[in-house]
Amino acid sequence: MTASATTIAARLESIAGVEQVHAQSAACMRYAVDDLAPSAVVRPANAEQVAEVVRFAVAEKLAVIPCGARTKLGIGMPPARYDIALDTTRLDQIAHYDPGDLTLSVDAGMPLAKLNAVLGEHAQFLPLLAPWYSRTTVGGTIASGVDSPLRQFYGTARDFVIGAEFVTGAGTLAKSGGRVVKNVTGYDLHKLLIGSLGTLAVITRVNFRTFPAPPAARGFVASFATAEEALRLRRRVVDSPLSPLTLDVLSPGLAQIFATRTPATPEVAVFPGESHSSNQTLLRMLGNWFSPREWHLCAGFAGTPEVLQRYERDLTQFAADSRATCTTVLDDATRPSVWGRLRESLSMLCEASPAATIFKLSLLPEQHTAAFAKLDEIAERASLPSALIARAAGTIYFGLLPEQSVEKNAENLARLASAATTIFDLAAHEGGYATIPFCPSGLKRRLNIWGTHFVSRMNLRDAHRPDFALMQRVKSAFDPNSILAPARFPGAI
Amino acid sequence: MSASLTRELESLLGREGVLSGVEDLLMYEYDGSVEKARPDVVVFPRSTREVSEIVRIANRHGVPIVGRGAGTGLSGGALARNGGVMIVFARMKRILEVDIENRRAVVQPGAVNLDLTRAVEHAGLYFAPDPSSQKSCTIGGNVAENAGGPHTLAYGVTTNHVLGLELVLPDGAVVRIGGKTADALGYDLTGLLVGSEGTLALVTEITVKLLRKPEAVKTLLAIYDTVDDATETVVDLTARAITPAACEMIDGWTLRAIEDYVHAGFPYDSAGVLLIEVEGLTEAVTSQAAAISDVCLAHHAREVRVARDDRERELLWKGRKNAFGALGRLAPSNYVLDGVIPRSKLPQTLRRIAEIGRQYDLQIGNIFHAGDGNLHPLVLYDPRDAAQFGRAIRASEDILRYCIEVGGTLTGEHGVGMEKSELMPLLFSDADLELMRRVHDAFNPASSLNPGKIFPLGKSCGEIRTQHPLQRGAELL
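It should be emphasised that the depicted structure is a prediction, and the values quoted were computed from it without experimental measurement.

1. A few points about the overall build of chain B
Stage number 1. A tally of regular secondary structure across chain B gives 17 helices and 18 strands.
Stage number 2. The C-alpha atoms of chain B give 22 Å as radius of gyration, which agrees with the globular expectation for 477 residues (23 Å, within 12%).
Stage number 3. Principal-axis analysis of the C-alpha atoms gives chain B an extent of 70 × 60 × 45 Å.
Stage number 4. For chain B, with 477 residues in total, the buried portion stands at 56%.
Stage number 5. Partitioning the contacts of chain B with sequence separation of at least 6, the portion at a separation of at least 24 is 72%.

2. Side note on helix H11 (residues 305–321) of chain A
All names here are of chain A.
Stage number 1. Taking 1.5 Å per residue, 17 residues should reach 24 Å; H11 reaches 24 Å between its end C-alpha atoms and fits that length.
Stage number 2. All of the buried residues in H11 are Val307, Leu308, Tyr311, Leu315, Phe318 and Ala319. Mapping the buried residues of H11 onto a view down its axis gives an arc of 105°, with all of them on the same face. H11 presents Pro305, Arg313, Gln317, Ala320 and Asp321 as exposed residues on the side facing more than 90 degrees away from its buried surface.

3. Topic: the pairing of strand S13 (residues 246–250) of chain A
Residues and elements named next belong to chain A.
Stage number 1. For S13, the buried fraction is high: five of the five residues fall into the buried class.
Stage number 2. Residues Thr246, Asp248 and Leu250 point to one face of S13 and Leu247 and Val249 to the other, with burial holding for every one of them.
Stage number 3. Bridging between S13 and strand S14 (residues 295–302) involves five bridges; their strand directions are antiparallel. Bridge assignment links Leu250 to a residue of S14, and that residue is His296.
Stage number 4. In this structure, S13 lies alongside strand S17 (residues 386–391), joined through three bridges in antiparallel fashion. Bridging across to S17, Asp248 finds its partner in Arg391.

4. Re the sheet that holds strand S9 (residues 174–178) of chain B
All names here are of chain B.
Stage number 1. Reading across the sheet, the five strands line up as S5-S6-S10-S8-S9 and stay open at both edges, with antiparallel pairing between neighbours. Two strands in the sheet have a free side with no partner beyond their single neighbour: strand S5 (95–99) and S9. The sheet shows a mean angle of 10° between the axes of neighbouring strands, taken without regard to direction.
Stage number 2. Two elements, strand S8 (residues 162–168) and S9, share five bridges in a ladder whose sense is antiparallel. If you follow Gly164 over to S9, its bridge partner there is Gly178.
Stage number 3. Against the sheet, helix H3 (residues 48–61) engages S8, S9 and strand S10 (202–209), with an angle of about 50° to S8.

5. A short note on the packing of helix H17 (residues 466–478) of chain A against helix H15 (residues 430–443) of chain B
Working note: a packed helix pair is described by the angle between its axes plus the distance between those axes.
Stage number 1. At a minimum axis separation of 9 Å, H17(A) and H15(B) run at an interaxial angle of 155°. Here H17(A) is positioned roughly antiparallel relative to H15(B), judged by the angle of their axes. Crossing of H17(A) over H15(B) shows right-handed handedness. Contact with H17(A), carried on its side by A:Arg473, A:Val474, A:Ser476 and A:Ala477, involves B:Arg438, B:Val439 and B:Ala442 of H15(B) and no other residues of that element.

6. As for the packing of H11(A) against helix H10 (residues 282–298) of chain B
Stage number 1. Put simply, H11(A) and H10(B) touch, their axes get as near as 8 Å, and they point 175° apart. By the angle class used here, H11(A) and H10(B) are roughly antiparallel. Of the residues in H10(B), those touching H11(A) at A:Glu306, A:Val307 and A:Arg310 are B:Glu283, B:Ala284 and B:Ser287.
Stage number 2. The class makeup of the residues in the contact of H11(A) with H10(B) is two nonpolar, one polar and three charged.

Criteria and cut-off values
- Residues numbered from 1 in each chain as written.
- Chains lettered and ligands numbered in written order.
- Predicted model: local features only at pLDDT ≥ 70, side-chain atom pairs only at ≥ 80, totals over all residues.
- Helix = DSSP H or I, 4+ residues; strand = E, 2+ residues; numbered from the N terminus.
- Rg over C-alpha atoms; globule rule 2.2 N^0.38 Å.
- Buried ≥ 20, exposed ≤ 12 C-beta atoms within 10 Å, placed from the backbone.
- Contact = placed C-beta atoms within 7 Å.
- Expected span 1.5 Å × (residues − 1).
- Arc of directions from axis to C-beta.
- Pairing = 2+ DSSP bridges.
- Axes fitted to C-alpha atoms, helices over the stretch in contact; angles between N-to-C directions.
- Parallel < 35°, antiparallel > 145°, perpendicular 65-115°, else oblique.
- Left-handed = near helix turned anticlockwise from the far one by under 90°.
- Nonpolar A, V, L, I, M, F, W, Y, C, P; charged D, E, K, R; others polar.

Here's what the structure looks like:
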């Protein structure tokens, strides 16, 4: 430990207490971001202590990275500086929950699964089935901006976050929004925090609208020989009067992972009919109706018995018209094994390879057929195993999954980098964009994970895009000294 | 205002694109609110380039700029509080692109809300935000105010349907944010801009999502003998997790005023009605309508009518959407509030509003989005009666204070504008407002764009409010 680290730790201890500060290298390594460890870790007890920590960092020009359970802390470019890890997991209370109003105000460090267990007692839930579900915190989920399979019906966090409290990079405790479901009073600053990777403020509390849990839910899986057929069924469903809760297309590569692996995250019940102790259900391998060599469309739906029957009837008919090789309706016993895997697609992709490189492509749904074919070609050219899941909203997660780590096989790094450039171009060419939310740190030294707009570290500052000049100004409004997660965001923000 | 400013604008836009005569400016000094302010010159650009040029010209002359759609706003958002150049988007109303397959549309800001739905309904699609003024209000105005409407209960407000914007910044620069694909890269600037009330940038192009029309719709009218029974029904529906597509309440007094005007078939002798709509799959709609009807009857609804066909359904909605016109016949002016409360607080809040009406000796009607707790108390007054107008303003502030006391907010869909800016400190701390100000300055550092909105000017409420009756009285004399 350096002398300055000692000073930092001492000051943090005076804010949060001796037990809540760690400066030993082993403890700090657990908070490392892209191989860079902080000098100290602090776990404040409340928003006021968070603000004190940030003000101390401002005074001493120290860089702070806020975190929750650290399941998605790898998202972003390597930080330019990193002195203090600000762990928010002790902020873990429900501040207000009014089931009769379907609104909730919850501290950032509350784990999502624990929160949904409380909401479940009132037959409500938060439609954020984020990966690493049992550990991930409310704040981390919002700051990382990850989506969930339920976005098909419920949208993303921006559709149901109704307010937030946070500590800005100037160390000021501020808020926006409120605790009502409809509100246009003042700027929606909380929307800026979604996906901000901790670069604007430390989120201390989030207000949500909650949703009634459906009376009963079912799943539907159809298998296909080709991607075109799976996408044709998806199109048919989207054009029909049905409004499924989830609608995902899986490649054979992902089907293989689903069929042969179990998610490391234990299952947690969200919907009625799911047992709270259904670890066994999830760990169970999928049935032989889930062929690891085929494309799949997975739909989830909910409602009364008459509505469920309608979905089953229509989906089965549509699937037959789209030349499905096999269709299965999932009941309460079998559904969690598939839904749990869908929710954990990203974590399972990450665990499937020691050098897992996961791309997120934002495209229009009707561009998927062509994109699938090109991604397949790219994987083949790189001689790397691949897997993908595509959401009907247009998002594709595509994983390149080398069998060996980049340390063991340096050639993999070159292959990944070359594939990444092609994928960035492919998305940009279609009017969308691609990023790499998860990859080996080594790859970040060769390219910018935020895509072609930010080709090299040399020209990161001139972002090439006028909207990023605006984002830079927004960043300065929140964090004038650039002490929060510096350089992790697109445009080196 | 200098003659050279008008000349420069005329040389850019042609004489038909500029209004500067006092009589021409009159109709641009009002919007749907009780506020009033006159621009020095009104311009009608045809393109983003022209908007950018107008901004540069205004900047050279050091005059403020304000954007305006149809002027149906209810908080003074589209008024030129400090004079200057008003940019009206009436000539930028084209629907630029409709992408049926991906359910997207790209429109100019002056496109009328309902015209977008008309342009895509052949494909079974529609644009979801449906403010009552949707026949005339523009999508640019909807974006500025983050407009709502009855069906936002199920489908969300404007911000939930906007994916990207083209902006002209206060320095004249043109910037695109977001786009046709979801999850734009970087900060959600689109989410910040929607609802920023024209204080950050001028919006010159909007990319929106389109929704598919539901297979089945059922519209119910539940009729009550007491207001409490109606509001308790809403609390119970929410508690039972029944989410209709719309749940509107109209009190008896307002109902009679509407019926005289619209002849929608509303009962004359009731204390209030709930207008409830359910949408979706036929199977879902049937059971939902039955469940809703049961809850209404359990709370002593005298009768629950179900619209038998589209004609009956449209008539009920015509009654709801033309309410403000109907009330205009009863008093020279009305002041429409927009407070939001947690839905469980509806019964006590409606009782409190009635008390406030009695206390100030004012007629207050209620017609509002009950399902999401978005109140629209209508305070009727005669602007020629300065004392009465003063009471109307004080009663309105009492109602909004009560909304905040019970955990609610100042405005659900109309915006803060110049109407509620002085009340902002009731909800936000100095630190909150200071941060919003810093974000404002990141876009609009000189406050040249739509000045005097959202942020309190620092005067006390009374000081500003007491100016109104005098100003108005003087005008009318």
